Amino acid sequence: MKRVLILLFIVLAAGAFIGEKMVQDPGYVLLAFNNTTIETSVWVLLLLTFFGFLITHWTVNLFFRIGIPGQFIGRWRKARIASSAQKRTFKGLIALSEGQWWQAQRLLSQTAPIAAQPLINYLGAAKAAHEQGNTADTDEFFARARAIAPAAEVSISLQEVDVLMDRGNSAQALITLKRLHSLAPKHTGILRHLAELHQNQQDWDGLIALMSKLRKHKVFTIEQLAAMETNCYRQMLSTVVKKLPVECSTDVRVKALTKGWKALPNTLNQTAAMKATYASALNAANAPDDAEKFLRTQIKRDWDNQLIGLYGTLQTSDPTKHYNTVAGWLKKQPTHAALELCAARLAMFNEKWQIAVQHYQSSIDLQPKVEAYRGLARLLESLGEHEKSLEMNQKAMDLTEDDSPLIPLPAPLETPAEETAKTAESTAIKVEKKPTTASA
């Protein structure tokens, strides 16, 4: 605003100055050519010269514009096509996000040849075609995307991997991911897809080999990596024996499990859950004695209830020695409910039924638990003590959480004895209320 005012002031001042000069001395100019003469003042000649220059300038510009109109028309047409392509691409992406697959495929595929970023159009069209189950169109769109943007191989292949996984072609997806991993070993998206694919295929060895890279490049959060690693090694231990031939001996199975156990990181082989997994795998491999030896060593270091509970389920070759071991522990830990429950189960392996009942009852007295009540109920039922067995089952049910909604129930039915008593009481009331007649 200030600049406008200053400029206006300058123009007015210049106009006043020039006007004053024009009044004082307008000047005189005479132009003669052949028999023609033109007389005017100097100021009029200057104004004519100025306006003549402007008219000539505008005329030349107009001439050049009229002389080459094709360039401007071409630019206008290209701009119009680009604007239309942009609008149709935008509509196609909106349709894609809304799940309108047919419309998205049509808009994106038709606009791709003239779009500013055709790669986006082809990838979007490929997804839309895949969602409709159109395999041929999906593959064709991926091929066109590679043809126009070979440098975007990673992005194209990652989306193609998702398509292959949806089709159930995990083998081809793994081949593609390994090829991409060789091209971009630090790419977090590729590493994430590899980890998920190994999990889906239950390829625990492959996931274990990938774990260090997942941690190094922070593909997942610390909590996610910890849970993934724990689950991975647990599954690995649980499936070691399944990978061996059926005719393998017990020694071969135990060696394979031991090798897997030693491969665990120190942060995992110290947890009770992992120890229990290893012992369960040994027991499943027909090596209960090895499992008992391992658990006996671990329980002496840490009186963990999970390990103690598992120890009581092993059916070893020497059940008497097995039971005596726990009986010795009870002398050191006389108020340990889990040890009492473990001793009860081992006593049953030794067919010491009454001793098992005592251990069950001791465990319940120390810490009532559903598994102790149910174990005692089954034992009492086998011993013929049905009423006590029913009582233990009822107590077990009382400890079980019931999340069912509260629904109105009918009033309890009266027993025959209650009905007889109520009838007698009603008769007595009527007799008392009967009027007496006076004697004449």
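Owing to the predicted nature of the structure, the values given are computational and were not obtained by experimental measurement.

**A look at unusual backbone geometry**
Line of reasoning, step 1. Even without being a glycine, Lys218 presents a positive backbone phi close to 55°.
Line of reasoning, step 2. With respect to the helices, strands and loops of the structure, Lys218 is situated in the loop between helix H10 (204-216) and helix H11 (222-239).
Line of reasoning, step 3. You will see that Glu351, though not glycine, has its phi angle at about 60°, which is positive.
Line of reasoning, step 4. By relative accessible area, Glu351 is classed as exposed at 57%.

**Side note on the pairing of strand S2 (residues 36-40)**
Line of reasoning, step 1. Alignment of strand S1 (residues 29-33) against S2, held across five bridges, turns out to be antiparallel. In the sheet register, Ala32 faces S2, and the bridge partner there is Thr37.
Line of reasoning, step 2. In this structure, the hairpin formed by S1 and S2 is closed by a connection of two residues, where Asn34 is found at a positive phi of approximately 55°.

**A look at the environment of Arg345**
Line of reasoning, step 1. Relative to the elements of secondary structure, Arg345 occurs in helix H17 (residues 337-349).
Line of reasoning, step 2. Put simply, Arg345 and Gly375 are 30 residues apart on the chain and 8.4 Å apart in space, counted from C-alpha to C-alpha.
Line of reasoning, step 3. In this structure Arg345 touches Gly309, Gly312, Thr313, Tyr360 and Glu371, once residues within four positions along its chain are discounted.
Line of reasoning, step 4. Engagement of the side chain of Arg345 in a polar contact is seen with the side chain of Glu371, the distance being 3.2 Å.

**Section: a negative patch on the surface**
Line of reasoning, step 1. Together, Asp251, Asp289, Asp290 and Asp318 make up a region of like negative charge exposed at the surface.
Line of reasoning, step 2. Looking at the secondary structure, you find Asp290 in helix H14 (residues 288-301).
Line of reasoning, step 3. Residue class for Asp290 comes out partly exposed when judged on its relative accessible area of 36%.

**So, a nonpolar patch on the surface**
Line of reasoning, step 1. Together, Ile6, Phe9 and Ile10 make up an exposed nonpolar region whose accessible area comes to about 350 Å².
Line of reasoning, step 2. By secondary structure assignment, the location of Ile6 is in helix H1 (residues 2-24).
Line of reasoning, step 3. Assessed through its relative accessible area of 51%, Ile6 is described here as exposed.

**Focus on the packing of helix H7 (residues 153-166) against helix H8 (residues 170-183)**
Line of reasoning, step 1. Running from N to C, H7 and H8 cross one another at 160°; their axes reach a closest spacing of 9 Å. Between H7 and H8, the crossing angle belongs to the class labelled roughly antiparallel. Relative to H8, H7 is oriented so that their crossing is left-handed. Taking contact as the criterion, the partners of Glu153, Val154, Ser157, Leu158, Val161, Leu164 and Met165 in H7 are, on H8, Ser170, Gln172, Ala173, Thr176, Leu177, Arg179 and Leu180.

**Details of the packing of aromatic side chains**
Line of reasoning, step 1. In total, this model carries six aromatic pairs according to the counting rule given.
Line of reasoning, step 2. Residues Trp303 and Trp329 carry aromatic rings whose centres are separated by 5.7 Å and whose planes lie at 90° to one another, so their mutual orientation is edge-to-face. Of this pair, Trp303 sits in the loop between H14 and helix H15 (305-311) while Trp329 sits in helix H16 (residues 319-332); the two residues are 26 residues apart in sequence, bridging distant segments of the chain.
Line of reasoning, step 3. Ring centres 5.2 Å apart and planes at 40° place the aromatic pair Tyr311 and Trp329 in the tilted group.

**Regarding the layout of surface pockets**
Line of reasoning, step 1. Within this model, the largest pocket holds a volume of roughly 240 Å³.
Line of reasoning, step 2. Looking at the lining of the largest pocket, its residues break down into seven nonpolar, two polar and three charged.

**Looking at the confidence of the model for the chain**
Note: predicted coordinates in regions of low pLDDT should not be interpreted at a detailed level.
Line of reasoning, step 1. Looking at the chain as a whole, the pLDDT averages 84, with 85% of positions reaching at least 70.
Line of reasoning, step 2. Low pLDDT, under 50, characterises residues 436-440; the predicted model gives this stretch zero contacts beyond four residues in sequence or across chains.

**Topic: the nonpolar core**
Line of reasoning, step 1. Counting residues in hydrophobic clusters, the biggest one holds 74 residues, and the most contacted among them are Leu207, Leu214, Leu264, Leu295, Tyr311 and Val326.
Line of reasoning, step 2. A total of eight residues in this core trace back to one element, the largest contributor, which is H17.
Line of reasoning, step 3. Filtering out sequence-adjacent residues up to four positions away, Leu295 remains in contact with Ala279, Leu307, Leu310, Tyr311 and Leu314.
Line of reasoning, step 4. Formed by 15 residues, the second largest nonpolar core is a distinct cluster that contains Tyr122, Ala129, Phe142 and Val163.

**Notes on the pattern of salt bridges**
Line of reasoning, step 1. Using the criterion set out here, one finds 13 salt bridges in the structure.
Line of reasoning, step 2. Linking Asp205 and Lys243 is a salt bridge whose minimum nitrogen-to-oxygen distance equals 3.0 Å. Of the two residues, Asp205 sits in helix H10 while Lys243 sits in the loop between H11 and helix H12 (250-262), which places them 38 residues apart along the sequence.
Line of reasoning, step 3. In this structure Lys243 comes out as exposed when scored by relative accessible area, which is 51%.
Line of reasoning, step 4. Here Lys369 makes a salt bridge to Glu371, at a shortest N to O gap of 3.6 Å.
Line of reasoning, step 5. Taken together, the shared-partner salt bridges connect Arg146, Glu153, Glu160 and Arg179 into one network.

What counts and what doesn't
- Residues numbered from 1 in each chain as written.
- Predicted model: local features only at pLDDT ≥ 70, side-chain atom pairs only at ≥ 80, totals over all residues.
- Heavy atoms only, no water.
- Helix = DSSP H or I, 4+ residues; strand = E, 2+ residues; numbered from the N terminus.
- Buried < 20%, exposed > 50% of the residue type's maximum accessible area, 1.4 Å probe, protein only.
- Pairing = 2+ DSSP bridges.
- Contact = heavy atoms within 4.5 Å.
- Polar contact = N/O pair within 3.5 Å; in protein donor to acceptor, adjacent residues only side chain to side chain.
- Patch = residues over 30% accessible without salt bridge, like charges linked within 9 Å, V, L, I, M, F, W, Y side chains within 5 Å.
- Areas by Shrake-Rupley, 256 points an atom, 1.4 Å probe, with all protein chains shown as cover.
- Salt bridge = Lys/Arg side-chain N within 4 Å of Asp/Glu carboxyl O.
- Lys, Arg positive; Asp, Glu negative; His and termini not counted.
- Charge placed at Lys NZ, Arg CZ, Asp CG, Glu CD.
- Axes fitted to C-alpha atoms, helices over the stretch in contact; angles between N-to-C directions.
- Parallel < 35°, antiparallel > 145°, perpendicular 65-115°, else oblique.
- Left-handed = near helix turned anticlockwise from the far one by under 90°.
- Phe/Tyr/Trp six-rings, centres within 6.5 Å; stacked < 30°, edge-to-face > 60°.
- 1 Å grid on protein atoms, 1.4 Å probe; cavity = no way out; pocket = protein on both sides within 12 Å on 5 of 7 lines; lining within 4 Å.
- Points joined across faces, edges and corners; volume = space filled by probe spheres on them.
- Nonpolar A, V, L, I, M, F, W, Y, C, P; charged D, E, K, R; others polar.
- pLDDT = per-residue confidence, 0-100.
- Core = buried A, V, L, I, M, F, W, Y, C linked by side-chain atoms within 4.5 Å.

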